[in-house]
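Listed below, chain by chain, are the residues.
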Amino acid sequence: MIDTGISLGIKGGVYAGYYSWQEIVGLDYSYPSSKGLPLWYAHYDNDPSFRDFKPYGGWSTPSIKQYIGDHESCGVDVDYDWYPSSTRNASRSAV
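Residues numbered from 1 in each chain as written. Predicted model: local features only at pLDDT ≥ 70, side-chain atom pairs only at ≥ 80, totals over all residues. Heavy atoms only, no water.

Engineer: What's the story with the side chain of S49 in this structure? I'm lost.
Structural biologist: Of note, S49 is situated in the loop between β2 (39-42) and β3 (64-73). Within polar-contact distance, the side chain of S49 engages the backbone nitrogen of R51 at 3.3 Å. Setting aside chain neighbours within four positions, we find S49 in contact with Y41, K65 and W82. (Helix = DSSP H or I, 4+ residues; strand = E, 2+ residues; numbered from the N terminus. Polar contact = N/O pair within 3.5 Å; in protein donor to acceptor, adjacent residues only side chain to side chain. Contact = heavy atoms within 4.5 Å.)

Structure follows, in structure tokens:
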């Protein structure tokens, strides 16, 4: 699936936490990261930073962190995500 997506020009990524990655494929499975797919992980610690990140799956640093889940805002449940400002600036300039 990863190789087909890449060959079709689809930009994708992986959403997985440390423990789910460990349970499903094992911490050393690194094929997605070796193909350049970014990691988005969730850790609901109310801390918009990567200070808590433990490397797994070949990723030494993630791209996005979901740090609050199912928070009610304006009458709907939303999740809060964070990524470094250097990444935000790079994304904006690429558009």
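Resuming the write-up.
Engineer: What is the right way to look at the packing of aromatic side chains in this model?
Structural biologist: The geometry of an aromatic ring pair is captured by the separation of the ring centres together with the interplanar angle, meaning the angle of the planes. With the rule as written, the count across this model stands at 12 aromatic pairs. Here the aromatic rings of Y41 and F50 are separated by 6.2 Å at their centres, their planes lie at 45°, and the arrangement is tilted. Across the pair, F50 and Y41 agree in class, each one buried. Grouped by ring-pair contacts, the aromatic residues Y18, Y19, W21, Y29, Y41, F50, F53, Y56, W59 and W82 constitute a single cluster. The residue whose ring lies beneath K54 is Y18, and the NZ or CZ to ring-centre distance is 4.1 Å. (Phe/Tyr/Trp six-rings, centres within 6.5 Å; stacked < 30°, edge-to-face > 60°. Buried < 20%, exposed > 50% of the residue type's maximum accessible area, 1.4 Å probe, protein only. Lys NZ or Arg CZ within 6 Å of the ring centre and 35° of its normal.)

Engineer: Sorry if this is basic, but what is going on with the nonpolar core here?
Structural biologist: Nonpolar side chains tend to gather and get buried jointly when the protein is soluble and globular. Formed by V14, A16, W21, L37, L39, Y41, F50, F53, Y56 and W59, the largest nonpolar core amounts to 10 residues. Once you skip the residues sitting within four places of it in the chain, V14 turns out to touch W21, P32, L37, P38, L39, W40 and W59. (Core = buried A, V, L, I, M, F, W, Y, C linked by side-chain atoms within 4.5 Å.)

Engineer: Before we go on, may I ask you to explain the layout of surface pockets in this structure?
Structural biologist: The gaps of empty space that remain are located by a probe, the size of a water molecule, rolled over the atoms. The space that makes up the largest pocket amounts to roughly 240 Å³. If you trace the largest pocket, you find it lined by M1, I2, G5, I6, I10, K11, G12, G13, K35, G36, L37 and P38. Its residues placed into classes, the lining of the largest pocket shows 6 nonpolar, 4 polar and 2 charged. (1 Å grid on protein atoms, 1.4 Å probe; cavity = no way out; pocket = protein on both sides within 12 Å on 5 of 7 lines; lining within 4 Å. Points joined across faces, edges and corners; volume = space filled by probe spheres on them. Nonpolar A, V, L, I, M, F, W, Y, C, P; charged D, E, K, R; others polar.)

All quantities given are derived from atomic positions and should not be read as evidence of function.
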